[in-house]
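# Breakdown of the fold
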Amino acid sequence: DISFYGNAVLAPTVLLDVFGASSLETPTVAEIQLNAFHTLLLNAVTIPGIYLAVFLVGKLGRKNLQIFGFSASTVMYIILISTLTYLTKYPALLFVMYALTFFTSFAGTTTYILASELYPTQIRSAFCGMSAAT
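Here's a quick rundown of the structure.

## Some words on helix H6 (residues 91-103)
- Here H6 is 13 residues long and its end C-alpha atoms lie 18 Å apart, about the 18 Å a rise of 1.5 Å per residue gives.
- If you check which residues of H6 are buried, you get Leu94, Phe95, Met97, Tyr98, Ala99, Thr101 and Phe102.

The structure is reproduced here in structure tokens:
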């Protein structure tokens, strides 16, 4: 989950590179609205990833889904980082590659499944939060 939230925090900076804007320091209302729309598009890519996780969790199992998902995320981040100089010349391709890092974050959904199954009711809420934070 930390990689997903870190990715989400970085989104405005990436979107600025992809779609351009006058400044992050003094954006206009129109720029803020456009950035919100682009962020919505970016985060919408997460939804099919979550549906994929729901579909695969019964077939692969929780642990294997986490291994597969986090491995896919790692591969996507490596590809994105190693091709970033090239991708900055092609904003649409940069957006697609960055959006795929959101798609591959579906493995984080199993964090909540595992935590709710592993911890006793008395401590579940606290330990679910700690599990999501690590």
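## Concerning the environment of Ala53
- Mapped onto the fold, Ala53 is located in helix H3 (residues 46-60).
- As for Ala53 and Gly108, which are separated by 55 residues in sequence, their C-alpha atoms are 9.2 Å apart.
- What Ala53 contacts, discounting residues up to four positions off in sequence, is Leu65, Phe106 and Thr109.

## Quick look at the packing of H3 against helix H4 (residues 62-82)
- Look at H3 against H4: their axes get within 7 Å of each other, and the N-to-C directions meet at 125 degrees. In terms of their interaxial angle, H3 and H4 are classed as oblique. Judged by the twist between their axes, the crossing of H3 over H4 is right-handed. For the pair H3 and H4, contact is made by Ala53, Leu56, Val57 and Leu60 and by Arg62, Asn64 and Leu65, respectively.
- For the contact of H3 with H4, the class distribution of residues is five nonpolar, one polar and one charged.

Rules used in this analysis
- Residues numbered from 1 in each chain as written.
- Predicted model: local features only at pLDDT ≥ 70, side-chain atom pairs only at ≥ 80, totals over all residues.
- Heavy atoms only, no water.
- Helix = DSSP H or I, 4+ residues; strand = E, 2+ residues; numbered from the N terminus.
- Expected span 1.5 Å × (residues − 1).
- Buried < 20%, exposed > 50% of the residue type's maximum accessible area, 1.4 Å probe, protein only.
- Contact = heavy atoms within 4.5 Å.
- Axes fitted to C-alpha atoms, helices over the stretch in contact; angles between N-to-C directions.
- Parallel < 35°, antiparallel > 145°, perpendicular 65-115°, else oblique.
- Left-handed = near helix turned anticlockwise from the far one by under 90°.
- Nonpolar A, V, L, I, M, F, W, Y, C, P; charged D, E, K, R; others polar.

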